Amino acid sequence: MKNARIYKTAILVGLISSTQQPALAKGSLDEIFVTAQRYETTTSNFAGSVSIIDSDALAETAATHIQESLAALPGVNLHRNSGQEYLPAVRSPVLSGAGACGSVLMAEDGIALRPAGFCNVNELFESNWQQAQRIEVIRGPSSALFGSNALHGVINVVTPNAADNSVAVEVGSLDYYRTKISAGNDSTAVFFTGTTDQGFRDDYGVDEQKLTLKHQQALGDINTLTGLTAVNLNQETAGYIVGTDAYKDKDIVESNPNPEAYRDAKAVRLWTQLSSQESDRSWQVTPYLRYSDMAFLQHFLPGTPLEENGQKSLGVQTSYKIKQDNSQFILGLDAEYVDGWLKQSQAQATQGSAFLVATIPAGIQYDYEVEAIQVAPFALWKQQLNDQWAWSAGVRYEWMQYDYDNLTLDGRTRDDGTECGFGGCRYSRPADSTDSFSNLSPNLDVSYQIDDQQRVFLALAQGFRAPQAVELYRLQREQQITDLDPEELQSIELGYRWQSAGLRLELSAYDMRKDNVIYRNSDFFTIAAGKTRHRGIELALSAQLSEQWRVALAATQAKHTYDHNDTESGIVKGNYVDTAPKHFGNASVHWELNTQLGLSVQWQHMGSYFTDPANDHRYAGHDIINLRGHYELSDAITLRTRVVNLTDKRYADRADYSGFTGDRYFPGSPRAAFVEAQFSW
């Protein structure tokens, strides 16, 4: 209750502050972004909820994990695990399970980081967000343009096309070191990030390298833009700590129950965009190649098996835009081919009860390949009816087919064909099959321009995601085949936007219902029988109070509940979905003493949430204070410093409950200080 009162007070203070006479805001009134339709548009012309984190905000935050930057946005609530891992949440509870990553589309430069049926829950580390020009986030279903996986929203990391020549060196108090290099000329840009992090927990470490190349060139009337991103991650993972309120004990927090755990990953993406623009029409064709390979020890499963997965994919995005005086029409076709694979094996015998030892043997547990094809035409139409009214509509039809090939024995035996005790082995391998899915996803919105500063909009949308390959072919116990339908989500949203010289305010309310929710029930069967409801109010505010003072607020009040009963799995209609805080937010005050020196203080609030479907266990929530500053010594040298968790609060980045271990947590970082020096020429 105390946290709730503090949170509501902060919202009130932010609103009162915004009513003061604003000073001239920095930058342009309208922000330009590309995620909504692949062509540049402005936030004021978009009838939906969009947030943009620009390069200045990214530099000020200087995040060690992308969650730190996204925490400044309403409706976005990523929960960190260990290292660069996280679980996603955009207008949703924090999503877990095999297909959780399929509910939010993660992209870099408009191209999904992973193929639609082969996502990874931690895939944002495969983008070079550390050197992004901006991060664009659309909250709410976006399947009419992006198709499968854009169920709850889109996070798009936009890399710069041009580079300033600079080197930045950063040091942190918890054995943290990072180097960022950028260089280029009129046509070519190179960006490199190297990070080493030893952290605050035993036997933990992250070594990460990222390289991004950009090249642009005009070939007559055709413009070409080529991008390449390559990522390498070597992570020594720290596992859950166990026990009620274990995150409050310093010795337990610094321990690592799973010193053997690790995650090694590589990813490469290469694309070229060909485009041409005339006064009334333009087109884009973007072929791309992707490759990823990952191996990680599943420390959270009995027997700690090793998973190896990867994919090679190629595809193309096409669009053609016709613009008339009061309308525009975009027609496109996307196509993709994927060759994916997964292998799970266990090197040693399982420890634990006689049941676990007998049903989870060492050896190969899964080994399969999947070829997939995706084809999707789409159309978007927007019309300005008069000076005040505008409407737009879109529709996308998507067809996807999986061709699954099991490379080991069918069924739930050991890898040598012998039977397990207690009725059979836990892991079940279905026989070869071909599965296809198709969806039609429409959206419709209407907006009204009240005056030069204010606009209201109403948006209706339907999102979907096809079942992920791991949900179809990574079965357990007696299940030999799945009969899964795509998850579908229907959304209605009402929004209000104010943009003036000193104030930006966006207020939105939404109600969404999701059907065919895929989950694993108490029989360990993967089924698409769930239903959930999602309601919320989001506020984003930034007010320039004077030339020196600016305040910002992002606040979310939400209710994510089950809309079906499965009492054997602990699910009761009306209960909160686990890990679904009712409220969370972020408030900050920025002080620019002069053109050289600036300081900011940030408050991050996480409300309490249930950690199990039955709503019997709860995490109390937390409040964190961060302090940041920068000083320009000269045109060539800039110093940045920050202290995260200024009050050294004991908290959990993620909390959940397991029937096997009870309460368990990924502990949050203790107080840590960082200093960065950037040299430009």
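The following refers to the structure shown. (Residues numbered from 1 in each chain as written. Predicted model: local features only at pLDDT ≥ 70, side-chain atom pairs only at ≥ 80, totals over all residues. Heavy atoms only, no water.)

**Looking at unusual backbone geometry**
Now for step 1: Even without being glycine, phenylalanine 422 reaches a positive phi, approximately 60 degrees.
Now for step 2: Mapped onto the elements, phenylalanine 422 comes out in the loop between strand S21 (389-406) and strand S22 (427-428).
Now for step 3: We note that aspartate 648 has phi near 55 degrees; this positive angle belongs to a residue other than glycine.
Now for step 4: As for its placement among the helices and strands, aspartate 648 is situated in the loop between strand S35 (637-644) and strand S36 (652-658). (Helix = DSSP H or I, 4+ residues; strand = E, 2+ residues; numbered from the N terminus.)

**A short note on the sheet that holds strand S3 (residues 49-54)**
Now for step 1: Ordered by their spatial adjacency, five strands build an open sheet running S3-S8-S9-S6-S7, and the pairing between neighbours is mixed. The open sheet has two edge strands with one neighbour each: S3 and strand S7 (111-112).
Now for step 2: Pairing between S3 and strand S8 (residues 134-139): six bridges, direction antiparallel. Along S8, the bridge assignment pairs aspartate 54 with arginine 134. (Pairing = 2+ DSSP bridges.)

**Observations concerning the state of the cysteines**
Now for step 1: The final tally for this structure, using the stated rule, is two disulfides.
Now for step 2: Disulfide pairing is shown between cysteine 101 and cysteine 119; the S-S distance is 2.0 Å. Handedness here is read from the sign of the S-S torsion; for cysteine 101 and cysteine 119, about 65 degrees, the answer is right-handed. Taken together, the positions of cysteine 101 in the loop between strand S5 (86-87) and strand S6 (104-108) and cysteine 119 in the loop between S7 and S8 put the pair 18 residues apart, joining distant regions of the chain.
Now for step 3: Given a relative accessible area of 13%, cysteine 119 falls into the buried group.
Now for step 4: Residue pairing for cysteine 420: its cysteine sulfur links by disulfide to cysteine 425, the two sulfurs lying 1.8 Å apart. (Disulfide = S-S within 2.5 Å. Buried < 20%, exposed > 50% of the residue type's maximum accessible area, 1.4 Å probe, protein only.)

**Digging into a nonpolar patch on the surface**
Now for step 1: A contiguous nonpolar surface patch, about 550 Å² in accessible area, is contributed by Leu270, Leu289, Leu314, Leu333, Tyr337, Ile373 and Val375.
Now for step 2: Taken together, the elements giving at least two residues each to the nonpolar patch come down to strand S19 (327-346) and strand S20 (363-384).
Now for step 3: You can see leucine 289 is positioned in strand S17 (residues 281-297).
Now for step 4: Look at leucine 289 and you get partly exposed, because its relative accessible area is 47%. (Patch = residues over 30% accessible without salt bridge, like charges linked within 9 Å, V, L, I, M, F, W, Y side chains within 5 Å. Areas by Shrake-Rupley, 256 points an atom, 1.4 Å probe, with all protein chains shown as cover. Salt bridge = Lys/Arg side-chain N within 4 Å of Asp/Glu carboxyl O.)

**Re the side chain of histidine 65**
Now for step 1: Here histidine 65 lies in the loop between helix H2 (55-61) and helix H3 (66-70).
Now for step 2: Given the relative accessible area of 1%, histidine 65 is considered buried.
Now for step 3: A polar contact of 3.0 Å, which involves the side chain of histidine 65, links it to the backbone oxygen of glutamate 85.
Now for step 4: If near-sequence neighbours (up to four positions away) are discounted, histidine 65 is found in contact with Arg80, Gly83, Gln84, Glu85, Tyr86 and Trp129. (Polar contact = N/O pair within 3.5 Å; in protein donor to acceptor, adjacent residues only side chain to side chain. Contact = heavy atoms within 4.5 Å.)

**Some words on the sheet that holds strand S37 (residues 662-667)**
Now for step 1: Strand order in the open sheet made by the three strands is S15-S37-S36, with antiparallel pairing throughout. Bordering the open sheet on either side are strand S15 (241-242) and S36, each of which pairs with just one other strand.
Now for step 2: Relative to S37, S36 runs antiparallel, the two being bridged by six bridges. The partner of alanine 655 across the bridge, within S37, is tyrosine 665.

**A word on the pairing of strand S14 (residues 222-236)**
The side chains of a regular strand alternate between both faces of the sheet.
Now for step 1: Judged from the 15 bridges that link them, strand S13 (residues 205-219) and S14 form a sheet pairing that is antiparallel. Opposite leucine 219, over in S14, you have isoleucine 222 as the bridge partner.
Now for step 2: Where S13 hands over to S14, the hairpin turn is made up of two residues, of which glycine 220 adopts a positive phi near 70 degrees.
Now for step 3: When S14 meets strand S16 (residues 262-277), the two strands line up antiparallel, connected through 14 bridges. Bridge assignment links leucine 225 to a residue of S16, and that residue is glutamine 273.

**Some words on the nonpolar core**
Now for step 1: Formed by 23 residues in total, the largest nonpolar core has its most connected members in Phe118, Tyr368, Val370, Tyr402, Leu472 and Tyr473.
Now for step 2: Listed by contribution, the elements that provide at least two residues to this core are S19, S20, S21 and helix H7 (469-473).
Now for step 3: Judged by nonpolar contacts, the second largest core, of 20 residues, contains Tyr86, Val90, Ile135 and Ile155. (Core = buried A, V, L, I, M, F, W, Y, C linked by side-chain atoms within 4.5 Å.)

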